[in-house]
Structure formats: structure tokens, C-alpha cells
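Summary of the model geometry
Each chain, written out:
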Amino acid sequence: MKKILLYLPLFFMLSCGHGPAQLDENKKLNTLATEYVRLGLNIGQYDTDFVDAYYGPDSLKPKLPPAKEFPKDSLLANTNILMNELKIISTNAQVDSNKMRADWMINQLVAFGRRIRIYSGEERPFDEESKELFGVSAPVYDEDHFKAQIALLDSILPGKGRVSERFQKLANRFIIPKDKLDAVIKAAIAEARKRTMAHYSLPAGEAFSLEYVTDKPWSGYNWYKGNYKSTVQINTDLKIFIDRAIDVGSHESYPGHHVYNMLLEKHLYRDKGWVEISLYPLFSPQSLIAEGSANYGIEVAFPGEDKAKFAKNVLLPLAGLDTAGIDLYFKALAIRGQLNYARNEAARGLVNNTMSKDKAANYLTKYCLMNDETAAKSISFIKKNRSYVINYNYGQDLVKDYIERNGGTAKNPAKQWELFGKLLSNEVGPDQLLQK
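Now for a look at the structure at hand. Bear in mind that the values here come from a model prediction, so they are computed numbers and not experimental data.

**Side note on the overall build of the chain**
Each helix and strand in the chain was counted, giving 18 helices and five strands. The globule rule puts the C-alpha radius of gyration for 436 residues at 22 Å, and the 22 Å found for the chain is close to it. For the chain, the spread of C-alpha atoms along the principal axes amounts to about 75 × 50 × 40 Å. Sequence-distant contacts, at least 24 apart, represent 75% of the contacts inside the chain between residues at least 6 apart. Accessible surface, the chain: about 19,000 Å² in total, of which carbon and sulfur atoms supply 52%. Here the chain holds 57 positive side-chain charges and 52 negative ones, and the gap between their average locations is 3 Å.

**A few points about the packing of helix 3 (residues 96–119) against helix 4 (residues 126–134)**
Between helix 3 and helix 4, the shortest axis-to-axis distance is 7 Å and the interhelical angle comes to 130°. It follows that helix 3 is oblique to helix 4 by the angle criterion. Along the contact surface, helix 3 presents Val110, Ala111, Arg114, Arg115 and Ile118, while helix 4 presents Glu129, Glu132 and Leu133. Per-class residue counts for the contact of helix 3 with helix 4 are four nonpolar, no polar and four charged.

**Some thoughts on the pattern of salt bridges**
Within this structure, the stated rule accounts for 35 salt bridges. Its salt-bridge partner being arginine 348, residue aspartate 127 comes within 2.9 Å of it at the nearest N-O pair. You can see aspartate 127 sitting in helix 4 and its partner arginine 348 sitting in helix 13 (residues 341–351), a full 221 residues away along the chain. Among the ionic pairs, glutamate 404 bridges to lysine 400, the shortest N-O distance being 2.9 Å. Placement of the pair is glutamate 404 and lysine 400 together in helix 16 (residues 390–405), with a separation of four residues, close to one helical turn. Where salt bridges share partners, they join Arg114, Arg124, Glu128 and Glu132 into one cluster.

**Let's talk about helix 12 (residues 326–337)**
The terminal C-alpha atoms of helix 12, which comprises 12 residues, lie 16 Å apart, in line with the 16 Å expected from a rise of 1.5 Å per residue. Turning to helix 12, its buried residues number three or more, namely Ile326, Tyr329, Phe330, Ala332, Leu333 and Ile335. Those residues of helix 12 that are buried are in contact with helix 5 (143–156), helix 6 (163–171), helix 8 (242–252) and helix 11 (306–319).

**Examining helix 15 (residues 372–385)**
One turn of an α-helix holds 3.6 residues; hence residues three or four places apart share an orientation. Relative to the 20 Å expected for 14 residues at 1.5 Å per residue, helix 15 spans 20 Å between its end C-alpha atoms, a close match to the ideal helical length. All of the buried residues in helix 15 are Ala375, Lys377, Ser378, Ile379, Phe381, Ile382 and Asn385. Considering only its buried residues, helix 15 is in contact with strand 4 (229–235), helix 13, helix 14 (357–367) and helix 16. Of the residues one or two after helix 15, arginine 386 is the one with positive phi, at around 60°.

Reading the values: rules and limits
Residues numbered from 1 in each chain as written. Predicted model: local features only at pLDDT ≥ 70, side-chain atom pairs only at ≥ 80, totals over all residues. Heavy atoms only, no water. Helix = DSSP H or I, 4+ residues; strand = E, 2+ residues; numbered from the N terminus. Rg over C-alpha atoms; globule rule 2.2 N^0.38 Å. Contact = heavy atoms within 4.5 Å. Areas by Shrake-Rupley, 256 points an atom, 1.4 Å probe, with all protein chains shown as cover. Lys, Arg positive; Asp, Glu negative; His and termini not counted. Charge placed at Lys NZ, Arg CZ, Asp CG, Glu CD. Axes fitted to C-alpha atoms, helices over the stretch in contact; angles between N-to-C directions. Parallel < 35°, antiparallel > 145°, perpendicular 65-115°, else oblique. Nonpolar A, V, L, I, M, F, W, Y, C, P; charged D, E, K, R; others polar. Salt bridge = Lys/Arg side-chain N within 4 Å of Asp/Glu carboxyl O. Expected span 1.5 Å × (residues − 1). Buried < 20%, exposed > 50% of the residue type's maximum accessible area, 1.4 Å probe, protein only.

Okay, structure coming up:
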């Protein structure tokens, strides 16, 4: 299949005037983008979870060590000043790309302000927090919604008793043995890379290293290092099921986080000199796009029955596991996917103090079909990252809806890959995804 070039703008053609006014506008915006990066790195001196990745110049890093006390007021003041200056550019921009960049940074700075307040102990309700941090509030579902999906599972799972226990009994057949884990994970990533490379030309020299870690609140993580390199870490605290090898591999590498970060670095930072993209603030609208696209990318790379077939034909034999029951397992997984918003409800309850830790754990085991250890790990993640959980499910749904709304359906995979690649290569915010 012809490879897609990812240099075209995503949502509109950009005007390209080069008169004195436009050059002044470009210069001013680049100066503000530099200040945006400096501010984010300064916040990261105190809030060590704030900066997820940075591959810009060392000259923008703080010159002085952090103060003994967190400078909340001065950081908020600097955030507001920068936002106001960017709003002037957005309002008066003569170049479309400058307005796009200014608006993107404004939305990111709204998140800066909320995260500064959270770090200072000033919290807000779950939906208000997620709106400020990630640009959206996820839909609310009551228990009846989840009960309907549980009833579907009840109708297909063998045996009697609690649906969660019957699902776990089925899932436990497909736990990857520890001594086979590395081979299985690498095989899944290699397949995901091959499928991605069939559509995209990735930067020369791109690579990642794979590490296995413990004592983390997440199942997998991509640490982007810049220069088209990543470190992908897989948490082995929990049992890893055969489907997770594909999910984690694709999500963290191809066409997920590794590809997303590389394309932004290549097309925006290296080719255009947009320094703001060299800073990835974790608690920002960028994470809605990052996590949503990484989850949707699994579906793009392994459409329809491909995921189940690859697991059955390649991964299970590699893991030394029997393939009996695998078709039913993936059918059950598809239904369980409709239950993933239950995690949001547990998080909403924990953040809003309307749900105890025990009740949240029960919610996760009953409706997300987690085992006890996974539920405990999930609560640990929520306690640390709060409303971040919406990026995985609502972010995925927003990305999927945008791609399909514009013609990138399973029936037109070439268009799907094309739109997905453009999404990964541009400064895209929630507002664009929500536009009808």
C-alpha cells in the first residue's frame, strides 16, 4: 500500500504570508512559545509528575534550584500573563497556523493553572477538574448501563455464579508465563510495527528499549527521550494476559505513544521549529489526544478479528498456551470493553469523596471485571492521577468518532490510516475532535 506522507495540515490549509506584519507575528509567537516551555519546566521542578517528556534545548531548563516553598502565586501569575498575550495573537492572527498554535497553547495553559492548584492542595470536583486539565468532561453512566453489559456476558460465559468470577476463570487460561513474557511482548510489538510501517514512513534511526519493572501504578509506560527514541516499560506486578501483550505493545509503541511523539518531534519541532511541542505536560489536553489515539491505534493496527487471530496463531503458541476458548475470550473482551467507563465512575466517586476505597474496589471488580490485585492497582493509579482516567476511554471514543466521521472507517482502512497519521502529526485539541 502506498505510504502516507504526513506533512499536510490536519484541519485546514494554512495561509503562508511573509510580509513584515506576519514576520513580527511569527517572532512574537515563537518568543511566547519559548516562555511556555520555560514555565512548564519550572513547574516540573516542583511537581515531578508534570513533565512527561522534554527534548528541547537545555538553555530553556531552569538555571536555579527550586525554592524551598512552592511559588504558587508567581507561577499562576506567569501562566495568566502568558495566556493573555497568546489570546491577543489568537484574536489578531494574520496567519492561520499562528492562531492554531496560540489556541493550542492557551488550552494547555488552562491545564497548567489547574495542575498548579492541585499541587497546592486546591482540588475541584472530578468533572470540573477534567474539563480544566484535559478540555472535556466524560459522560456519566449509572449502574443500569453496566448491568446491561454484565447480562450480555452472563449469557455467553460458561458455568454458574458471579460473572466476574466466571470471566476471570476464562481469562486465567491465557496468562502469559513469566519466562515467555519477553518473547511474547516483543512478537506483539514487532507485528504492530510491521503493520504501522506499511502505512507510515517513520524517521530514520527511530528505536525504543524495552524494560520490565515492578511497583508501578500503571501496566505500561512510554518514556519518550527525543531524537526518535523511547523507553517502553512493562509492569510485571500483575499477571499479563495474552490480549494485553497486543494492547500494551501497540499502545506504548506502534502506532501509539512512540509513533505519536516521533511524528510531533519530526514534523513540528524539527521541520517547523515549533519549540512548544518539545514539552509534553502530562496533565494537559495533549494527554487526551495521546491516550485516546494510543488506545484507538490498537483497533487501527489490528482491525476486526485480526487481534484474536494473531493471538491464536502466533502469541499463544509462543507462550506455550492452549488455544481452546480463545474465541470466546475475545468475544467476552469485546463486551467488557463497553464496561470501561465504570472505571471513570469509580474515579469520580473517589475524587468527589462519594465512594469509599472499598466501594470503589467492589465497583471495579463487579463492573470492570478486574481481579482483586488489578482493582487495587487501579485505585492506586486513581489516587495518584485522579481524573486522568478519562483520557483512555473518552479520549479513545473522541478520536474514533472524529476519524470515522471524516470517512476513516473499517471499510476504508487507507483513509483511516491517513487521518490517524495526520492526527498524530499536528497540534490537535479536544475542540477540533468535538467539532461536527
